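# Commentary on secondary and tertiary structure
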Amino acid sequence: MGRAEERKARQRGGRRAAPRNRPSPPPESETPAAGGTTTVEAPSAAEGATRAERRKAAARTRPGKPGKDGKPAKGRIRRLFTWKKMLGTFLGVCLLGIGAFIALYVMVGIPEGNALAQTQSNVYKYSDGTVLARKGTVNREIVDLSKVPKDVQHTFVAAENKTFYNDNGINLRGMARGLYNTAMGRGTQGGSTITQQYVKNYYLDQNQTVTRKLKELVITLKVDREKSKDYILAGYINTSYYGRGAYGIQAAAQAYYHVDAQDLNVQQGAYLAALLQAPSQYDWAVAGPVGRKLVQERWNYVLNNMVGQGWLDKSKRDAMRFPIPKAPKAASGLEGQKGYLVELANTQLENQLMKQQGITRSEAEALVVDQGWTFTLNIDPKKQARLEAAVKSQLTSKLDGKKRKVDKNVQAGAVSVDPKTGKVLALYGGTSYYDHYTDNATRADYQPASTFKPIILAAALEEQAKTQDGKDINANTIYDGTSGRPVKGSDIAFSPPNEDKADYGDITVQTAMNKSVNSVFAQMGVDVGMKNVMQTADQLGLDTTGLQAVPAMTLGSMGASPLEMAGVYATFDNHGKKVTPTVIASAEKTGRKVDIPNPIGEQVISRTAADQVTSVLTGVVDDGTAKVSVAQNPLRNGQQVAGKTGTSDNNKSAWFTGYTPDLVTSVGLFGEDAKTHNQVPLTGATGLIPGTGRINGGGYPAQIWATYTFGVTKKQKFDLQTDLGAAVQPTVTPSKSATPSQTPSQTPSETPSKSATPSQTPSRTPSQTPTTSPPPTTNEPSLPVETPTGGGDTNNPLDPGNAGQ
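Below you will find a few notes about this structure. (Residues numbered from 1 in each chain as written. Predicted model: local features only at pLDDT ≥ 70, side-chain atom pairs only at ≥ 80, totals over all residues. Heavy atoms only, no water.)

## Some words on the sheet that holds strand S13 (residues 584-589)
One open sheet accounts for five strands, arranged S4-S3-S7-S13-S14; its pairing is mixed. Two strands lie at the open edges of the sheet, namely strand S4 (131-135) and strand S14 (592-593), each paired on one side alone. In the sheet, strand S3 (residues 122-125) pairs with S4 via four bridges, with the strands oriented antiparallel. For Tyr124, the partnering residue across the bridge sits in S4 and is Ala133. Relative to the sheet, helix H16 (residues 338-357) contacts S3, S4, strand S7 (374-377), S13 and S14, its axis offset from that of S4 by approximately 70 degrees. (Pairing = 2+ DSSP bridges. Helix = DSSP H or I, 4+ residues; strand = E, 2+ residues; numbered from the N terminus. Contact = heavy atoms within 4.5 Å. Axes fitted to C-alpha atoms, helices over the stretch in contact; angles between N-to-C directions.)

Set out below in structure tokens:
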């Protein structure tokens, strides 16, 4: 066969066989070379051999390490991963993906809107199973986009999706990130367009699944193709949830500014647009300092984007001021304390869903509010009724806004917690959810004042801190209690006065806690290190985000709520194991039940530190600022109590947070202007306080606490592992007896060491105090107890002379 025939055979895909009459190639011969070297004669390219045969023959003669089959390994890898095969595989996968998407696009149509159909009532039950409340009325009124001012429309686009008018409805990068995070179980991230959010709100649900996200992608593309941008924007602002039970812009305009949507101005529209990111956190009426700061930043972001898009003149924008929303109005069916309990249950479930699913606050609210959940709360109906009755009998029944303007400004909040389980057993949020929308039990915008002092002591004990002269800090450590004394060792000058500028001289930490001496704890905070103090506060349950670790914090100048303070003191009561108070026992709906985390966490401070704090705080009750209202209360009946009073700067808040071995309750009184809602002094409220009329923590807050607690708690003793503090019985008889009738007087023979125990006995114990109660533990010379600057009867239960900070 000639070369022409050979080419034709290859073109036909065949291989020409060697002619039968052609002799076989001679075998390879080995011929000894000169010097004894053996050479191998490579087979020649026989005449008529195919190119493939010649390539194989050439490959056999190439140098290289052969594989197991005698063939070079590199050649096999190259044959397996050629660029042609890799490119073909990639293109094949792409084609399969495109084909699958086309099939999905064809199969998935635009469904009927189901947002209204999915709205159901939530049911809330007490711990005994009786129904507390049902909530499910949807506050929604659809308005045509033409009724919404154009500038207000632009605020939503500027907030959520600046390219809305020009894009195809999807954010491919954000969508891919969301699909990946969902598939990997990492929750979601922001980045959805307005069209996507509208599709999710109106056509789909909030479940974070890959299937739902793929449907969202397809439906979004179809909606963007088939509907106008105005139609989509109208649907978005009419279906979104704005908080305060408001769905849609019309309901939101009424809820926040008491106007119709058509009457909103651009500033108000920017606030509502900003609100969608986190309705509960950004609601001005209930937001804490951090929430208010964040929503103002978001509001500025919206307006600045409008300027950038050419929708708002910069000079007009510069003249705009943040529009503070109007006071909210409660929804029907949530009278009394019901609304406060419902809102707290919703918030805590939302927090859990956010943590579990990695979703935003807005998405969590959409999953919880009016979505058919059945909540069983930890609230004990008997304790709840008792707490409400205590507030009424000891405070609200004495207020008369017609006689005294200040009486209109008094707000009370309280939370009661089981320290062994973390269950919120009772809560008081205000006179009524209708009358006062803000929950006083969870608001964190007032200073906890001197109720912060035990946290400083806890930090000192936990860090095994020392004074400036190297002495261990404990209950018996001596400090200078001079009012206004400059703090030593601080980079920031700080000289806090004591209440009424009282000077105490050298006193023990125990006595400083009893009498709430500011100068002592300011110095202690610096000795411990304010970073350590703030870290301990955070570990115990206070929100210290964004707070500076400065000496002024020792006076409790940050914000805190009764719920948070109850958690902190419950952790002391629980021997240092973290207690995070929860109102929810269970939350479930059809086909779904949410796992509620254990409110009892890990050991955040040592048992020794926690127990010594408790021991010291028994002195505040038996020989300090809560003596008259709590220790001498006829209902006490021998019950051991630990606690701390607090009165903030300018008397804007007053506190008593106290506990028995089985119950922790924090009570706060807050001065809030009835019209402006600004913080104002409580001084003069009820008209029953002699002298200055100052409302102290040892007055009404402690009285509310005692009336409630001694009616529901069981008589128990603290199980403390410490030999320091007021709860420890003295073992040494003092050499000199006390002489004053009310205040113990004793002089220590030497400076107490860390292991020393108090060694004094009071000259007189109140008749109401049982013989088992621990004696006072001051071991410095007798000093007069604090009295209001205007004087008065020190035994007046409405203003005990020692009811200081």
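Having seen the structure, we can now continue with the description.
## With respect to the pairing of strand S16 (residues 642-647)
Within S16, six of the six residues are buried, which leaves it mostly tucked inside the rest of the structure. Side-chain alternation along S16 places Ala642, Lys644 and Gly646 on one buried face and Gly643, Thr645 and Thr647 on a second face that is also buried. Direction of pairing for S16 relative to strand S17 (residues 653-660): antiparallel, over a ladder of six bridges. Bridge pairing in S17 places Ala642 opposite Tyr659. Between S16 and S17, which pair antiparallel in sequence order, lie five residues; one of them, Asn650, sits at a positive phi of approximately 65 degrees. (Buried < 20%, exposed > 50% of the residue type's maximum accessible area, 1.4 Å probe, protein only.)

## Some points on the packing of helix H6 (residues 150-160) against helix H14 (residues 289-308)
How two helices pack is summed up by the angle between their axes together with the distance between the axes. The interhelical angle for the contact between H6 and H14, taken along N-to-C directions, is 110 degrees, at an axis separation of 8 Å. Considering their axes alone, H6 and H14 lie roughly perpendicular with respect to each other. Residues Asp151, His154, Thr155, Ala158, Ala159 and Glu160 of H6 touch H14, and the partners they reach there are Arg298, Tyr301, Val302, Asn305 and Met306. For the contact of H6 with H14, a count of residues per class yields five nonpolar, three polar and three charged. (Parallel < 35°, antiparallel > 145°, perpendicular 65-115°, else oblique. Nonpolar A, V, L, I, M, F, W, Y, C, P; charged D, E, K, R; others polar.)

## Section: the sheet that holds S16
One key point about sheets: their strands pair by backbone hydrogen bonds, in either a parallel or an antiparallel sense. Spatial ordering of the open sheet is given by S9-S8-S18-S17-S16, a layout of five strands whose pairing is antiparallel. Every interior strand has two partners, whereas the edge strands, strand S9 (424-428) and S16, have only one. Averaged over neighbouring strand pairs, the angle between their axes works out to 5 degrees when direction is ignored. Sheet strands touched by helix H18 (residues 381-394): strand S8 (410-417) and S9. Its angle to S9, the strand with the most contacts, is close to 30 degrees. Across the sheet, helix H23 (residues 562-573) lies against S8, S9, S16, S17 and strand S18 (663-671), angled at about 150 degrees from S18, the strand it touches most.

## Let's talk about the nonpolar core
In this structure, Leu349, Phe375, Phe452, Met524 and Phe572 are the most contacted members of the largest nonpolar core, which totals 87 residues. Among all residues touching Phe375, those that are not within four sequence positions of it are Asn122, Val123, Tyr124, Lys125, Ala345, Asn346, Leu349, Val368, Ile584, Ser586 and Ala587. In terms of nonpolar packing, the next biggest core, distinct from the first, is built from 51 residues, Leu233, Ala234, Ile237 and Val266 among them. (Core = buried A, V, L, I, M, F, W, Y, C linked by side-chain atoms within 4.5 Å.)

## Quick look at the environment of Gln196
With respect to the helices and strands, the residue Gln196 is situated in helix H8 (residues 194-202). Exposure remark for Gln196: the relative accessible area of 2% places this residue in the buried category. Placed 22 residues apart in sequence, Gln196 and Val218 show a C-alpha to C-alpha distance of 9.9 Å.

## What to know about unusual backbone geometry
The backbone phi angle of Gln464 is positive, close to 50 degrees, even though this residue is not glycine. Residue position: Gln464 is located in the loop between helix H19 (453-463) and strand S10 (478-480). Despite not being glycine, Asn637 shows a phi value in the positive range, around 55 degrees. Relative to the assigned elements, Asn637 resides in the loop between helix H25 (627-631) and S16.

## Regarding the pattern of salt bridges
All told, the structure shown has 20 salt bridges when counted by the stated rule. Two residues, Arg694 and Glu499, come together in a salt bridge whose shortest N-O distance is 3.0 Å. A residue pair is termed long-range when its members are at least 10 positions apart, and Arg694 in the loop between S18 and helix H26 (700-712) and Glu499 in the loop between S10 and strand S11 (506-508) qualify at 195 residues. For Arg694, a relative accessible area of 17% translates into the label buried. For Glu499, a relative accessible area of 9% gives the class buried. Through salt bridges that share partners, Asp167, Asp224 and Lys229 make up one connected network. (Salt bridge = Lys/Arg side-chain N within 4 Å of Asp/Glu carboxyl O.)

## Focus on the environment of Glu365
Within the element layout of this structure, Glu365 appears in helix H17 (residues 361-368). With residues up to four places along the chain from it excluded, the contact list for Glu365 reads Tyr241, Pro279, Ser280 and Glu350. A distance of 2.3 Å separates a polar atom in the side chain of Glu365 from a polar atom in the side chain of Ser280. (Polar contact = N/O pair within 3.5 Å; in protein donor to acceptor, adjacent residues only side chain to side chain.)

## Observations regarding the environment of Lys398
Among the secondary structure elements, Lys398 is positioned in the loop between H18 and S8. Lys398 sits in the partly exposed class, given a relative accessible area of 24%. Once the C-alpha coordinates of Lys398 and Ala685 are considered, the two residues, 287 residues apart in sequence, prove to be 8.8 Å apart. Among the polar contacts listed, one links the side chain of Lys398 to the backbone oxygen of Ser393, at a separation of 2.9 Å.

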